[in-house]
Amino acid sequence: MLRLHDTATGTVRPLELRNEGEVSMYVCGPTVYDLPHIGHGRANLTFDILRRYLSFTGLRVHHVANVTDVDDNIIKRASELGRTEPDVAAEFEDRWWESMDALGDLRPQDVPHATQYIEDMVALVGDLMARGMAYETPDGVYLEVSKVDGYGLLAQQSLESLQAGARVEANEDKRSPLDFALWKKAKEGEPSWESPWGRGRPGWHTECVVMSLDLLGEGFDLHGGGQDLMFPHHENERAQAVADGKAFARHWMHHGWVEVEGTKMSKSLGNFSTLPDLLARCDARAYRLLVLRAHYRSPIEVTPETLADAEKALARLDGLARRFDVAEILARTPDGYVVGGTPPATDIDPGASAAFRAHMDDDLDTPGALAGIFELVTAAHSAADAGDEGEGGRLARTAAVLAAALGLSLRAADTVVDTESAQLVAERDEARRTRDFGRADALRDELVARGWTVEDTASGTAIRR
RNA sequence: GGCGGCGUGGCCGAGUGGUUUAGGCAGGGGCCUGCAAAGCCCCGUACGGCGGUUCGAUUCCGCCCGCCGCCUCCA
């Protein structure tokens, strides 16, 4: 059974499922007003890895991730660009999925949009008003945080200490600086919807409560996001559910972020690189590998150096696919997604597989799991070098299956060879046959100049890119 | 100010109270090869500082130093 760190308790504890055999997970998605950056890539890779691993262990996973398509940032961006909010949101949502697809992330089965849930949100706010948990001010409706049991759970702080640290706000109509907007009354020209408190739009924290409960139901298994969402976003989601008498997420998972020279990459600091830029520069699998190499709660540095390092490590894995026929070992789930498969137990190494699972079950110890895969790579080559091709193949297959369980596919070299290069290869083989090594070396240089990596194998010259 | 995290060999990055090493990259030596490439084998004896607990601490405790994060939109 998977043990995961739970922010609500601050401990690593078993992920106790509401329904046996089935995992319901809700992940906070993007506010679509700009291109996704590298940190979003890590976030999605982290949950993709979790999801694939859960599937790999035989669980059915219901993965929901929202898209926030109404929000202050979108309004601001639309006005800057002189375009409508829905137009801006639609464009950046498209760009979002392009990047996530390129990273090899499985799409969530459900992608609710805030604008589709306005009525439900209004209903929730009305409920909270009726229960006396919320109050109206001239500019909106606020949740009265001091009335919520256990407020501060995810921040791991008491209400008092949160209050002590809260910054003084201009808004004097709020009863406490910690109270947050459930409904924001519209200013002139802002997108707005009808409500009992006048035209306006929902506060950010409300959509996730309504949508997660609608699609996954009360007491769903797992809610996740970046560590910066613990407070106030997730705290405030939970507060609304509790205030409304609903059972909310059973387990909270938060991952660390991407850093640049030791500092958090974030939009407000402006020190971010976009995901499309990254993906144009390197193999998407290398970024996945980079993410896997660190524990999900640790920060990672994404630099040209660490990416280059990951690409070299990836080349070693691909080397396995060149030697053994294990490229693209994958399987499909009932809903059609390609995930790491579980081939017949006799076909893969049970010890390695068990060790892999032990690492993953220990709060997703992907670095440990990956180390095991690299050990299999060495073992597979060793066995084959010693003449035991069968054993080598079995170990290689095991490595490929386990890598696939992390969403990492191995690739044999590009086999599309143009005719001229193929001609050079043939000539070089002939030169080597006649032991004309000067000519053979010249031909090799020519191939290298054309961008090929040249290797001599038992069956002659092999080239790859 | 409140709360939390981090400091590991050239680099990235796990982990553990003690006997045999995470793993990757880079580097050195060897094997293989016509030469390479790929691959295999061997090599580095690291854990911020000062105390304490202990037979023994990188691993537990305390203090200190340094770095970072949340408390405001943020993956």
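## With respect to the protein's contact with RNA strand B
Phase 1: Contacts to RNA strand B come from 56 residues, most closely from Trp204, Gly226, Met265, Arg444 and Asp456.
Phase 2: Close to the protein, within 4 Å, the atoms of RNA strand B are drawn from sugar and phosphate at a rate of 64%.
Phase 3: Gly226 is positioned with one of its backbone polar atoms (N or O) 2.5 Å from a sugar or linking oxygen of RNA strand B.
Phase 4: Per element, the largest residue contribution to the surface near RNA strand B is eight residues, and it comes from helix α12 (residues 366-385).

## Re α12
Phase 1: For α12, spanning 20 residues, the distance from its first C-alpha to its last is 29 Å, which sits close to the expected 28 Å at 1.5 Å a residue.
Phase 2: Regarding α12, the residues found buried are Thr366, Gly368, Ala369, Leu370, Ile373, Leu376, Val377, Ala380, His381, Ala383 and Ala384.
Phase 3: For α12, the elements touching its buried residues are α1 (38-56), α9 (284-293), α10 (304-323), α11 (350-361) and α13 (389-405).
Phase 4: Two or three places before Gly368, at the start of α12, stands the capping residue Asp365, its side-chain oxygen 3.0 Å from that residue's backbone nitrogen.
Phase 5: Remark: Gly387 follows α12 within two positions and exhibits a positive phi of approximately 100°.

## What to know about unusual backbone geometry
Phase 1: Cis geometry is found at the peptide bond from Phe231 to Pro232, where omega equals 5°.
Phase 2: By secondary structure assignment, the location of Pro232 is in helix α7 (residues 230-243).
Phase 3: Of note, the phi angle at Asp363 is positive, near 55°, even though the residue is not glycine.
Phase 4: Inspection of the secondary structure assignment puts Asp363 in the loop between α11 and α12.
Phase 5: On the basis of relative accessibility, which here comes to 3%, the residue Asp363 falls in the buried class.
Phase 6: You will see that Arg435, though not glycine, has its phi angle at about 60°, which is positive.

## Concerning the sheet that holds strand β13 (residues 300-301)
Phase 1: One open sheet accounts for three strands, arranged β12-β11-β13; its pairing is mixed. The open sheet has two free edges, formed respectively by β12 (263-264) and β13, since each of these has just one partner strand.
Phase 2: One ladder, built from two bridges, connects strand β11 (residues 258-260) with β12; its direction is antiparallel. For Val260, the partnering residue across the bridge sits in β12 and is Thr263.

## Section: the domain arrangement of chain A
Phase 1: Under the domain assignment used here, chain A contains domain 1 (3-260), domain 2 (304-405) and domain 3 (419-464).
Phase 2: Computed over C-alpha atoms only, the centres of domain 1 and domain 3 are separated by 58 Å.

Conventions adopted
- Residues numbered from 1 in each chain as written.
- Chains lettered and ligands numbered in written order.
- Predicted model: local features only at pLDDT ≥ 70, side-chain atom pairs only at ≥ 80, totals over all residues.
- Heavy atoms only, no water.
- Near = heavy atom within 4 Å.
- Polar contact = N/O pair within 3.5 Å; in protein donor to acceptor, adjacent residues only side chain to side chain.
- Helix = DSSP H or I, 4+ residues; strand = E, 2+ residues; numbered from the N terminus.
- Expected span 1.5 Å × (residues − 1).
- Buried < 20%, exposed > 50% of the residue type's maximum accessible area, 1.4 Å probe, protein only.
- Contact = heavy atoms within 4.5 Å.
- Pairing = 2+ DSSP bridges.
- Domains from an automatic or database assignment.

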